[in-house]
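# Breakdown of the fold
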Amino acid sequence: MDYEVVLPAAGSGKRMGAGQNKLFLSLGGKPILIHTLEVFQSDENCTGIWLAVKDEERQYIQQLLEKYGITKVKGLPNGGEERQHSVYACIKEMQQVDIVLVHDAARPFITKPIISRLVKEAYEKGAVIAGVKAKDTMKKVNDGVIVETVDRESLWMIQTPQAFRFDLLKQAEEAAEEVGFLGTDEAMLVERLNHQVYIVESTYENVKITTKEDLVFGEAILKHRNE
Ligand code: CTP
Ligand code: MG
């Protein structure tokens, strides 16, 4: 089952504090961005990759694509101020496809079995996202005071990929853009249209490399995989 993927890569990695886009930092000797790209490059069902990039980083990224043999990239539009704008920049440039995945370039440990489950279910249901069950006790806090202990059974921590019928995501992006609605993920935009969004259980390994300690986790995951 074919799909194309949008990878927002135009962030600045402020929380990493590395003084550069965190996606260029190395994990096991290879840029984080390349780890992510290689998963989709080697997935035969992936027919195109769209990368939202910063204008000033485009040339360097193109060099990396060449160096690592990433040939499926169909476009590298300029990203925007917010992640949502970066994703929309790609959607606007894409030709009609059946299914589009949106995946954070900063999640290098995504695996093909999860991708294929998401794609399959997106063909059936229109909108499906990856997530894992919350592990800790969850409480709502206001001004340092516990307001409520939330029932953990119904709480999921949401990741990417998020998979959609292309026309549904495009419509949701356009509707959000029109009123200036900003969501923290693509599913929120689709939820706004009262379309049901489903979940696929992912793995705790599919971390987003966000802060310095995530690099330590990342190296450990790589080591564990190579054992
Ligand atoms: N991203 C993007 N455009 C933006 C902001 C983020 O394409 N305007 C991308 C990032 O490059 C990353 C993904 O969205 O691959 C998830 O965002 P996040 O982890 O928040 O990365 P940064 O925004 O780079 O990090 P920070 O928020 O710490 O600055
Ligand atoms: Mg960010």
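What you see is a predicted model; the values in this text were computed from it and never measured.

### Some words on the overall build of the chain
Along the chain, the regular secondary structure elements total 7 helices and 11 strands. Computed over C-alpha atoms, the radius of gyration of the chain comes to 17 Å, within 12% of the 17 Å expected from 2.2 N^0.38 for 227 residues, which places it in the range of a compact globule. Summarising its shape, the C-alpha atoms of the chain cover approximately 50 × 40 × 35 Å along the three principal directions. Looking at the chain residue by residue over its 227 residues, the buried ones come to 34%.

### What about the site of ligand 1?
Around ligand 1, a shell composed of 22 residues is seen, among which Pro-8, Gly-11, Lys-14, Arg-15 and Ser-86 lie nearest. For the shell around ligand 1, the residue count by class is 7 nonpolar, 7 polar and 8 charged.

### Concerning the pairing of strand β7 (residues 127–133)
Of the pairings in the sheet, the one linking β7 to strand β10 (residues 156–165) comprises 6 bridges and is antiparallel in character. Within the sheet, the bridge partner assigned to Lys-133 lies in β10 and is Trp-156. Relative to strand β11 (residues 198–201), β7 is paired through 4 bridges, and the arrangement is parallel. Bridge pairing links Ala-130 to Val-200 in β11.

### Some details on the nonpolar core
Within the largest apolar cluster, 51 residues are counted, with the highest numbers of intra-cluster contacts made by Val-6, Ala-9, Leu-51 and Leu-118. With near-sequence residues (within four places) excluded, Leu-118 lies in contact with Leu-101, Val-128, Ala-130, Pro-161, Ala-163 and Val-200.

### With respect to the UniProt feature "site: Positions MEP for the nucleophilic attack" (unreviewed entry) in the chain
When the UniProt feature table is mapped onto this chain, "site: Positions MEP for the nucleophilic attack" (unreviewed entry) is found at Arg-152 and Lys-208. Position of Arg-152 relative to the elements: it lies in the loop between β9 (145–150) and β10. On the basis of neighbour counts, which here come to 13 C-beta atoms within 10 Å, the residue Arg-152 falls in the partly exposed class. Not counting residues within four places of it along the chain, the set of residues in contact with Arg-152 comprises Ala-134, Thr-137 and Met-138. Note that Lys-208 resides in the loop between β11 and α7 (212–226). Take Lys-208: there are 14 C-beta atoms within 10 Å of it, and that puts it in the partly exposed class. Once you skip the residues sitting within four places of it in the chain, Lys-208 turns out to touch Asp-104, Ala-106 and Arg-107.

### Section: the environment of Leu-182
Looking at the secondary structure, you find Leu-182 in the loop between α5 (166–179) and α6 (186–191). Filtering out sequence-adjacent residues up to four positions away, Leu-182 remains in contact with Glu-82 and Gln-84.

Thresholds, definitions, all that
Residues numbered from 1 in each chain as written. Chains lettered and ligands numbered in written order. Predicted model: local features only at pLDDT ≥ 70, side-chain atom pairs only at ≥ 80, totals over all residues. Helix = DSSP H or I, 4+ residues; strand = E, 2+ residues; numbered from the N terminus. Rg over C-alpha atoms; globule rule 2.2 N^0.38 Å. Buried ≥ 20, exposed ≤ 12 C-beta atoms within 10 Å, placed from the backbone. Near = placed C-beta within 6 Å. Nonpolar A, V, L, I, M, F, W, Y, C, P; charged D, E, K, R; others polar. Pairing = 2+ DSSP bridges. Core = buried A, V, L, I, M, F, W, Y, C linked by C-beta atoms within 7 Å. Contact = placed C-beta atoms within 7 Å. UniProt positions renumbered as here; feature names shortened; annotations may be inferred.

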